[in-house]
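Working through the structure, step by step
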Amino acid sequence: MTPRAIAVAFSTIVVREVRRFTRIWAQTLLPPAVTMTLYFIIFGNLIGSRIGEMGGFDYMSYIVPGLIMMAVITNSYANVVSSFFSMKFQRSIEELLVSPVPNWVILAGYVAGGMARGLSIGVIVTLLSLAFTQLQVHHLPVMVLTVILTSALFALGGFINAMLATKFDDISIVPTFVLTPLTYLGGVFYSIQLLPEFWQAVSLANPILYMVNAFRYGILGVSDVNIGVALAMILMFIAVLSAVALLMLRRGKGIRH
């Protein structure tokens, strides 16, 4: 394919994905906004007022970066896994795969669509958080890079989950039993410095910890982990998942169910 044809194919997939979640905004954009608002009210205002400070900041300010990342993670993942599996279920994905569009363009298009939804939710949650606290960005490049890389990573995860899923129930297993526990134990609501030494070491095996702390550093300037290590971990996971997704596409694994 020519570069122009590749650009057309990529933009077509992205536009379709964006139109898909914006057309049903009441199901894709509104619920996360309501959920995060409840988190701000319950954990930030009601419980946070009793906790006091954490990491040198009031509790509301401390948890806001983690809640933003939680919204980005879940929505980047959910957009791709639901969209790609729906095309598998309807047997329409086969038409795309037999076209001359390269596999990497297909993957990039779906990932970009998932990132668009995840980042949109991130912006919405950030704006909502301004009603509860004041955000002062400490390091803008780190903040932006972290949220972009994280949304890409979990969009890739959603793609792989959709490839492996054989029924609609399968697309909820990973978010329920893997993604949610890792997110809640990834330092969204607390600093791992509060944990005993053993559990601090265990927490370092949680990849979401690095994403939450890198983003928190970008906003507040505090982190439980080294920022260079955190960004390197995210890039490593992106490389691994990209390779796995492309291999599965090339072999056609999971297309038929």
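Residues numbered from 1 in each chain as written. Predicted model: local features only at pLDDT ≥ 70, side-chain atom pairs only at ≥ 80, totals over all residues. Heavy atoms only, no water.

**Quick word on the nonpolar core**
Ranked by internal contacts, the top residues of the largest apolar core, which has 73 residues, are Met36, Leu67, Tyr110, Phe154, Phe159 and Phe189. Elements that contribute at least two residues to this core include exactly α1 (3-23), α3 (30-51), α4 (59-89), α5 (93-97), α6 (103-129), α7 (140-164), α10 (207-220) and α11 (227-251). It is α4 that contributes the most residues to this core, 18 residues altogether. Once you skip the residues sitting within four places of it in the chain, tyrosine 110 turns out to touch Ile13, Arg16, Glu17, Val80, Ser83, Phe84, Met87, Ile93, Leu96 and Phe159. (Core = buried A, V, L, I, M, F, W, Y, C linked by side-chain atoms within 4.5 Å. Buried < 20%, exposed > 50% of the residue type's maximum accessible area, 1.4 Å probe, protein only. Helix = DSSP H or I, 4+ residues; strand = E, 2+ residues; numbered from the N terminus. Contact = heavy atoms within 4.5 Å.)

**A look at a nonpolar patch on the surface**
Side chains of Trp25, Leu30, Val34, Leu38, Ile41, Ile42, Leu46, Ile47 and Ile51 sit close together on the surface and give an oily, nonpolar patch of about 790 Å² of accessible area. With respect to the helices, strands and loops of the structure, leucine 38 is situated in helix α3. Overall, the relative accessible area of 46% leaves leucine 38 in the partly exposed class. (Patch = residues over 30% accessible without salt bridge, like charges linked within 9 Å, V, L, I, M, F, W, Y side chains within 5 Å. Areas by Shrake-Rupley, 256 points an atom, 1.4 Å probe, with all protein chains shown as cover. Salt bridge = Lys/Arg side-chain N within 4 Å of Asp/Glu carboxyl O.)

**Here we look at the pattern of salt bridges**
Going through the model one piece at a time under the given rule, you end up with 2 salt bridges. Between glutamate 17 and arginine 16 there is a salt bridge, with its nearest N and O atoms 2.5 Å apart. Lysine 167 is the partner of aspartate 170 in a salt bridge, and the nearest nitrogen-oxygen pair spans 3.3 Å.

**Structural notes on the side chain of asparagine 75**
Here asparagine 75 lies in helix α4. Asparagine 75 gets classed as buried once you look at its relative accessible area, which sits at 5%. Of note is the side chain of asparagine 75, whose polar atom sits 3.5 Å from the side chain of threonine 74. Not counting residues up to four positions away in its chain, the partners in contact with asparagine 75 are Thr28, Pro32, Gly114, Arg117, Gly118 and Ile121. (Polar contact = N/O pair within 3.5 Å; in protein donor to acceptor, adjacent residues only side chain to side chain.)

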